[in-house]
Amino acid sequence: MSGIDTNPTSDFAAGAATEAPTITLTLKEQLPVPLEAEVISPDVIAGLRHDAIRALPVYLGKRLRRLDDFFDVEGGIGDQIDIRGDAAKVKWIGRGMTRGRIRVSGNVGMHLGAYMKGGAIEVSGSASDWVGAEMRGGLIHIHGNAGGQVGAAYRGSLSGMNEGTILIDGSAGLEVGMRMRRGLIAVRGPVRDFAGLQMKGGTIFLCSGAEIRTGAWMVRGTIVSFTPIRLLPTFTFACTYSPTFLRLYARHLTTLGFALPREIENGVYQRYTGDTSVPGKGEILVWQPHTP
Amino acid sequence: MLRITGGRVYDPANGVDGQVKDVCIANGRIVADVEGGRTLDANGMVVLPGGVDIHTHVAGGALNFARGMTPENQRTATPFFHTSERRAGLGGPTPTTFATGYLYAGMGYTTVMEAAVPILTAKHTHEELRDTPIVDKACFLLMANNEIVLDLLEAGDKERAKQVVAWLIWAAKTFGVKAVNPGGVAAWKWGKDAKGLSTPVEGYNKVTPAAIIAGLAEIVDELGLPHPLHLHCNNLGAPGNVATTLETMKLLEGRRAHLAHLQFHAYGGDDWHTMRSEAARLAEYFNTQPNLTTDAGAILFGNAVTITADGPWQHLLYQLTGRKWGNLDIENETGCGIVPYTYKGSNLVNAVQWAVGLELLLLINDPWRVFLTTDHPNGACFWRYPEIIHLLMNAGYRKECVNKLPPKAQKRIVLADLDRQYTLSEIAIITSAGPARALGLPNKGHLGVGADADVAIYNKNPDGVLLFRYPRYVIKSGEIVVEEGDIRKVIDGREFISRPTFDERIEDYLRPLFQQYYTMSFDNYPVELERIERPEVRACP
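Everything numeric in this text was worked out from a predicted model, so none of it was measured.

Residues and elements named next belong to chain B. Examined against the element boundaries, Phe286 turns out to sit in helix 10 (residues 279-286). Between the C-alpha atom of Phe286 and that of Tyr458, which follows or precedes it by 172 residues, the distance is 33 Å. Residues within four places of Phe286 in sequence aside, it is in contact with Met249, Leu292, Thr293, Thr294, Ile364 and Arg369.

Set out below in structure tokens:
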């Protein structure tokens, strides 16, 4: 298991958030079609003057436009970005970012934090598909729901997220953690099919379980579910135990503002290994309360 | 009209080795002199004939399959944005059609040979080649596993086999004949391979890989095709395959043949753990066989996509790597396998492969018989040729690279002992003059009067990589297509097609076979000449 980020600078809960100069991007109006705005990243914006930021290129559909065609740009220059308004159609925010912080007050579109290597992103609303796809480090915290393919590998790629942490307070869609190699994904709400598909390492916490085919073709890695889930017949029961590392994880997640349910301390985990159809050495841990 | 003045000209086919002289161009040809027109000042630059790639995979069903199979490569590929001159496209290991033309031209190459075309998908290949701008091109037809041809060889009816081969070449509108793993791809349809040259091919009683190779080489010579049999030997990639390659060379004594991507056929050892370079042994024998030419098929470390008609090898590679695998069956004719691959310097086998390609280029004495290729995209992308040129021209840099290989690998190669450094003239031979001569293209690969005005002009720079990566000017058919490293004008290239003589009555033999065995009707099978935009048909005697 891996994914414990001991670097407090990537931790919202550590709190360095608010005092630093922040550039604020306020969406002017609802977008008719998706806007590709990978320039909204601290790596691009930090150090630019307002007029340069306003002139940054974005694509509305296939048309090249300026950032200020869609956003009002205000605030101090720094590597923190606040986005205000419903950015549900704004794609690629924080793509490949290595530092700084992005805070979205509202929803956000597809590919949030894809390929990111460091820094932190916080979204107060919901995010669409491919959150943190193929990320290599950093922290993403979605307070609403997320779409599918969280931390996943893009189609054809060998591996998905390879470090970093993704926290989702709401639900998530299909193929969460597909082909992830390292890192941590924790989802408080329900998750749909194929969580941990072809997983190669890392850890997924499912606080409210998942639908079908969880861990299909997983080779390594750990999926922890705090509610009973349907398992594929290619997973074999190994033992019932109470691993110490989960307590460390619980403590770590608490520092990130993502507390696990308290009652899990009063239970044990059934360990299933698989997916034997690959064959794989992954594990699915299913929590169950202590039986009196 | 154009005059290139003041440049050092390297035109080995005409014995010009770095002399300062003018090169004059009119009506798309090199001429003795011109009056008026534009003058290009090439003072301080070197002037070479445009490059000729004798073996590459840039168009067709298999390559398109590979493009579709590797979206991960497209995401990181160099984008070509639409401009007033250029169409949009992507580079990467399997560039899109338009980008392929731009990338070749952007390196100074003006002629490319698509090395593996099944007749059934020839229309697709020609459509893609039409969309590959600037460069002239031609195709080799896959033949060594064609079941009609194999049946005729089994029956000992060589004369009819010759007629069928001639008809098929013209039907597919191709330039030459390619043999891939003779008999092995046909055997793969039963899950087998053809490892031994004298063992009958699965499904046949008499016909062996040796009989196919000898038979096709003889047919190609009798038909008078400009390029000899283009042969991908049996046992590609396998440790110890040098024995098969040497046996194949002996089999071809007295006949013309071109051995494709020799690097993949020059290994010793008994398994992957003991694999070693046998380039020295192979080169020693090759040097004594003037009837043969070859291309290096060198590899470079990094991402590649292996695409070959050699289906059984690709299945093995898939099992070795656990990567994605594509397998195509081209009914009655051939097959195809596709596996993305990453060559790593830290990998013992890959390190040996890297050295073998360079060793062959350095140990084969006659640069007119060994040519620069990477079997694109199998060994590396064609747009990385400048890196190989740098390694060939700079022994010190080469040794530095050898020192970075795993110590185990260093003991299994001889590259560190080779001090030879290619001269610019030799580079001009292995990239242009030599392949043009081996292909039988008299107007390519030189700057003599009457030659096609395909010229590459580079800044004189001791660094081979920079020299060939950014040509100052590239002239194709007399037009300046690249200037200051950028595409300035896009023109259409021609397609070279061979027209061997055959008895039209061979169709009476083929038609019922088609009705019985093919899913395509006979009348829809041949590629119409009108489908090819700028054909240049060459009648064979």
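Here we come to a nonpolar patch on the surface. Taken together, A:Tyr59, A:Leu64 and B:Phe81 make up a surface patch of nonpolar side chains, about 330 Å² in accessible area. Mapped onto the elements of the fold, B:Phe81 is located in the loop between strand 9 (79-80) and strand 10 (89-90). B:Phe81 gets classed as exposed once you look at its relative accessible area, which sits at 55%.

Turning our attention to the packing of helix 13 (residues 385-393) of chain B against helix 16 (residues 424-439) of chain B. Residues and elements named next belong to chain B. Taken N-terminus to C-terminus, the directions of helix 13 and helix 16 make an angle of 140°; their axes are 11 Å apart at the nearest point. One way to sum up the angle between helix 13 and helix 16 is to call them oblique. The way helix 13 lies across helix 16 gives a crossing that is right-handed. Of helix 16, the residues touching helix 13 (which contributes Ile389, Leu392 and Met393) are Leu424, Ile427, Ile430 and Thr431.

Moving on to the pattern of salt bridges. Counted under the stated rule, the structure contains 47 salt bridges over all chains. Residues A:Asp79 and A:Arg99 are paired through a salt bridge, measuring 3.9 Å at the closest nitrogen-oxygen approach. Of this pair, A:Asp79 sits in the loop between strand 5 (71-75) and strand 6 (80-84) while A:Arg99 is found in the loop between strand 7 (90-91) and strand 8 (101-105), placing the two residues 20 residues apart along the sequence. A relative accessible area of 28% places A:Asp79 in the partly exposed class. A salt bridge links A:Glu175 to A:Arg155, with the nearest nitrogen and oxygen atoms 3.1 Å apart. With A:Glu175 in the loop between strand 11 (162-168) and strand 12 (182-187) and A:Arg155 in the loop between strand 10 (139-142) and strand 11, the pair connects residues that are 20 residues apart, well separated along the chain. With relative accessibility at 14%, the residue A:Glu175 sits in the buried group. When its relative accessible area of 41% is taken as the criterion, A:Arg155 is described as partly exposed. Salt bridges sharing partners connect three or more residues here, namely B:Arg29, B:Asp136, B:Lys444, B:Asp452, B:Asp454, B:Lys476, B:Arg494 and B:Glu536.

Take the confidence of the model for chain A next. Residues and elements named next belong to chain A. Looking at chain A, the pLDDT average stands at 92 and 93% of residues meet or exceed 70. A low-confidence stretch, residues 1-11 (pLDDT under 50), is modelled with 30 contacts involving residues beyond four sequence positions or located in other chains. Across residues 13-17 the pLDDT falls below 50, and counting only partners more than four positions away or on other chains, this stretch makes eight contacts in the model.

With that settled, the discussion passes to the sheet that holds strand 19 (residues 302-308) of chain B. Residues and elements named next belong to chain B. Taken in spatial order, the three strands of this open sheet run 19-21-20, and their pairing is antiparallel. The open sheet has two edge strands with one neighbour each: strand 19 and strand 20 (326-330). For this sheet, the mean angle separating the axes of adjacent strands, direction not counted, is 15°. Taken together, the five bridges between strand 20 and strand 21 (residues 334-343) define a ladder with antiparallel strand orientation. Within the sheet, the bridge partner assigned to Asp329 lies in strand 21 and is Gly335. The sheet contacts of helix 1 (residues 61-69) involve strand 19, strand 20 and strand 21, and relative to strand 21 the element is tilted by about 40°. Lying on the sheet, helix 11 (residues 311-321) is in contact with strand 19 and strand 21; it crosses strand 21 at an angle near 30°.

Next up on the list: the interface of chain B and chain A. Taken together, the five residues of chain B in the interface contact seven residues of chain A. Between chain B and chain A, the buried area comes to about 440 Å², and carbon and sulfur atoms account for 49% of it. Scanning the region where chain B abuts chain A turns up one salt bridge. In terms of residue class, the side of chain B that touches chain A is built from one nonpolar, no polar and four charged.

Criteria and thresholds
Residues numbered from 1 in each chain as written. Chains lettered and ligands numbered in written order. Predicted model: local features only at pLDDT ≥ 70, side-chain atom pairs only at ≥ 80, totals over all residues. Heavy atoms only, no water. Helix = DSSP H or I, 4+ residues; strand = E, 2+ residues; numbered from the N terminus. Contact = heavy atoms within 4.5 Å. Patch = residues over 30% accessible without salt bridge, like charges linked within 9 Å, V, L, I, M, F, W, Y side chains within 5 Å. Areas by Shrake-Rupley, 256 points an atom, 1.4 Å probe, with all protein chains shown as cover. Salt bridge = Lys/Arg side-chain N within 4 Å of Asp/Glu carboxyl O. Buried < 20%, exposed > 50% of the residue type's maximum accessible area, 1.4 Å probe, protein only. Axes fitted to C-alpha atoms, helices over the stretch in contact; angles between N-to-C directions. Parallel < 35°, antiparallel > 145°, perpendicular 65-115°, else oblique. Left-handed = near helix turned anticlockwise from the far one by under 90°. pLDDT = per-residue confidence, 0-100. Pairing = 2+ DSSP bridges. Buried area = accessible area lost by both parts, 1.4 Å probe. Nonpolar A, V, L, I, M, F, W, Y, C, P; charged D, E, K, R; others polar.

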